Amino acid sequence: MESNGHEHVIEVTDLRRVYGGGFEAVRGISFSVRRAEIFALLGTNGAGKTSTVEVLEGLAQPAGGSVRVLGHDPYTDRAAVRPRTGVMLQEGGFPSELTVAETARMWAGCVSGARPPAEVLALVGLESKAGTRVKQLSGGQRRRLDLALALLGDPEVLFLDEPSTGLDAEGRRATWELVSALRDRGTTVLLTTHYLEEAEHLADRLAIMHEGRIATTGTPAEVTASEPSRISFELPDGYFVGDLPPLDELGVSGHETDGRIVRLRTRELQRTATGLLMWAARARVELRRLDMRSASLEEAFLGIAGNASAERSPGLTTKEYAA
């Protein structure tokens, strides 16, 4: 791939975006994305995430601040930027009567230096569907076609908008492996996602937006470190919370009870767990239903969202949020 010598291939400085009527969707945000890095942009409903990505893709001008992609303004220098980027939108809107192969060939005709269509279809696992009409594809297969077309130009920078929406678990994992492989061969990826598990699995770094601003940024581990770890257990028969060692001496920052269940919050998980287990050993009691875990990205996300518009979707093991 051609290199422009910039360590940061995406640079956003004090970006603002204002819509008609004076609504400020993006309120002066700054971040950068390094070459060959996967950067995830998360956000609560109305956070400004899509408004930001549209500016990065060159689809809109900022109301203030500056954006550089591969060293260029993606809006005014579109001819220099667009051939080196790939974009996967949430909905491709392809002609439904064309076959998968025809759609790929049509798209390749609009891309400079396009890879062979059959090659990208194989890359996303659609080679067996080459002769199938687009209207006959499942939702997950359409998403794979969206990704294939974004890869036709062998882009240096790849924008992925909700890449695994509509995919089953197997398809989602395959997409993650492909995106990781692209990063490993030098592609810079900026993705938006509803799936916090996806961001934790893929992202080298991430930013969480809220109400038009970046609330926090860093590696997934750095972001989750902002929330305490959790320990929960059932009190042994005949014991009460007051029988435990002094909680402050265990490094506990807060606790709550639900009947016989005790839940502890701590920023020193090893210290708290060790003290608790040593007490149980001395007292010769069993801590039933014992569960210890570090904070998750979900907890950090909800901690930032507060009581705003982030909303847990019931019944899902992979957490999904409107963004």
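These numbers were taken from a predicted model, which means no experiment stands behind them.

Draft legend 1. Layout of the packing of aromatic side chains. If you walk through the whole model with that rule in mind, you get three aromatic pairs. Their ring planes at 5° and their centres at 5.2 Å tell us that Phe31 and Phe39 sit as a pair that is stacked. Each member of the pair Phe31 and Phe39 is classed as buried. With centroids separated by 5.9 Å and ring planes inclined at 85°, the aromatic side chains of Phe94 and Trp107 adopt a geometry described as edge-to-face.

Draft legend 2. How the structure looks around a nonpolar patch on the surface. On the surface, a cluster of nonpolar side chains totalling about 230 Å² of accessible area is made up of Leu277, Leu290 and Met292. Within the element layout of this structure, Leu277 appears in helix H9 (residues 269-283). For Leu277, a relative accessible area of 42% translates into the label partly exposed.

Draft legend 3. Spatial organisation of the pairing of strand S6 (residues 157-161). Burial within S6 is extensive, with five of its five residues counted as buried. Covered by surrounding structure in S6 are Val157, Phe159 and Asp161 together with Leu158 and Leu160, the residues of both alternating faces. As paired strands, strand S5 (residues 85-88) and S6 are joined by four bridges and run parallel to one another. Following the sheet pairing, Thr85 is matched in S6 by Val157. In terms of strand pairing, S6 meets strand S7 (residues 188-192) through five bridges, oriented parallel. From the neighbouring strand, Phe159 faces S7, where its bridge partner is Leu190.

Draft legend 4. Region of the structure containing the side chain of Thr52. Within the secondary structure, Thr52 sits in helix H1 (residues 49-56). Among the residues examined, Thr52 registers a relative accessible area of 0% and is labelled buried. Once residues within four sequence positions are removed from consideration, Thr52 is found in contact with Leu15, Val26, Ile29, Phe31, Leu41 and Met209.

Draft legend 5. Fine view of the sheet that holds S7. If you trace the six strands from one edge of the open sheet to the other, you get S5-S6-S7-S3-S8-S9, paired in mixed fashion. Here the strands that pair on one side only, and so sit at the sheet edges, are S5 and strand S9 (213-218). Taking each pair of neighbouring strands and ignoring which way they run, the sheet shows an average axis angle of 15°. Judged from the four bridges that link them, strand S3 (residues 38-43) and S7 form a sheet pairing that is parallel.

What counts as what
Residues numbered from 1 in each chain as written. Predicted model: local features only at pLDDT ≥ 70, side-chain atom pairs only at ≥ 80, totals over all residues. Heavy atoms only, no water. Phe/Tyr/Trp six-rings, centres within 6.5 Å; stacked < 30°, edge-to-face > 60°. Buried < 20%, exposed > 50% of the residue type's maximum accessible area, 1.4 Å probe, protein only. Patch = residues over 30% accessible without salt bridge, like charges linked within 9 Å, V, L, I, M, F, W, Y side chains within 5 Å. Areas by Shrake-Rupley, 256 points an atom, 1.4 Å probe, with all protein chains shown as cover. Salt bridge = Lys/Arg side-chain N within 4 Å of Asp/Glu carboxyl O. Helix = DSSP H or I, 4+ residues; strand = E, 2+ residues; numbered from the N terminus. Pairing = 2+ DSSP bridges. Contact = heavy atoms within 4.5 Å. Axes fitted to C-alpha atoms, helices over the stretch in contact; angles between N-to-C directions.

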